[in-house]
Amino acid sequence: QRKDHSLIAQRVYLALRQGGDKARMESFAADWLKRHRNDPVFLFSLASWAIDDKDYDLAAARLEQSLRGAPDSPPALNNLAWVRATQKKAGAVKLAERANELAPNQSPYLDTLAFALAAEGDVTRALDVQKKALALSPAAHTLRLNLARLYLDAGDKGAARRELDTLAALGATFD
């Protein structure tokens, strides 16, 4: 209460969330947003927690509101693209491309772009983008798993198998 700051609000909300006090948590968020209508940092956090809860409609709404306060936020653009692609809603590719424009050569953003492209049916381009993401971060094994999924979407079981064999060879180091 003495210092009115987004990071403190996030911590209070998180403490209430971890404590399981949903009513108090929602009341705190509503009060904060009443006083800080377009606080992009707090809204982005609320969206992230909604994604964790698989409440994609709420996540999308929070991310859209966050982008009104910070329209050039690569993380918000990226996450909204991921949510829209997950929901099979239009516009995911455009959002992911904008995030990649603002923050080029970031493997997580390229991964989202590939996911969005595949969700909109452009598996060929998705494969190219995913390969670039993996080349930028070869130790990010989830990117390789996503590449295998894209190969399966493209009907290339042999290439998918090669990627999965690479992951299997990691043993317990890849969960």
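Up top you'll find the structure we're talking about.
Residues numbered from 1 in each chain as written. Predicted model: local features only at pLDDT ≥ 70, side-chain atom pairs only at ≥ 80, totals over all residues. Heavy atoms only, no water.

**Q** Mind showing me how you'd approach helix α3 (residues 40-52) here?
**A** Turn by turn, an α-helix covers 3.6 residues, leaving residues three or four places apart pointing in a common direction. A rise of 1.5 Å per residue sets the reference length of α3, with its 13 residues, at 18 Å; its end C-alpha atoms lie 18 Å apart and thus fit the reference within 8%. Among the residues of α3, F42, L43, S45, L46, A47, W49, A50 and I51 are the ones counted as buried. In the core, the buried residues of α3 are packed alongside α1 (6-19), α2 (22-35), α4 (56-69) and α5 (74-86). You can read the cap of α3 off the contacts: a side-chain oxygen lies 3.1 Å from the backbone nitrogen of V41, and it is on D39. Positive phi shows up at K54, right after α3, with a value of about 60°. (Helix = DSSP H or I, 4+ residues; strand = E, 2+ residues; numbered from the N terminus. Expected span 1.5 Å × (residues − 1). Buried < 20%, exposed > 50% of the residue type's maximum accessible area, 1.4 Å probe, protein only. Contact = heavy atoms within 4.5 Å. Polar contact = N/O pair within 3.5 Å; in protein donor to acceptor, adjacent residues only side chain to side chain.)

**Q** Is there a simple way to explain the packing of helix α9 (residues 141-153) against helix α10 (residues 157-168) in this structure?
**A** For any two helices packed against each other, one specifies the crossing angle of their axes together with the interaxial distance. Across the interface, α9 lies against α10 with an axial gap of 7 Å and an inter-helix angle of 160°. Taken together, the axes of α9 and α10 are roughly antiparallel relative to one another. Helix-helix and strand crossings are classified by hand; for α9 and α10 the assignment is left-handed. Side by side, α9 and α10 meet where H141, R144, L145, L147, A148, Y151 and L152 of the first sit next to K157, A159, A160, E163, L164, T166 and L167 of the second. In terms of residue class, the contact of α9 with α10 is made up of nine nonpolar, two polar and three charged. (Axes fitted to C-alpha atoms, helices over the stretch in contact; angles between N-to-C directions. Parallel < 35°, antiparallel > 145°, perpendicular 65-115°, else oblique. Left-handed = near helix turned anticlockwise from the far one by under 90°. Nonpolar A, V, L, I, M, F, W, Y, C, P; charged D, E, K, R; others polar.)

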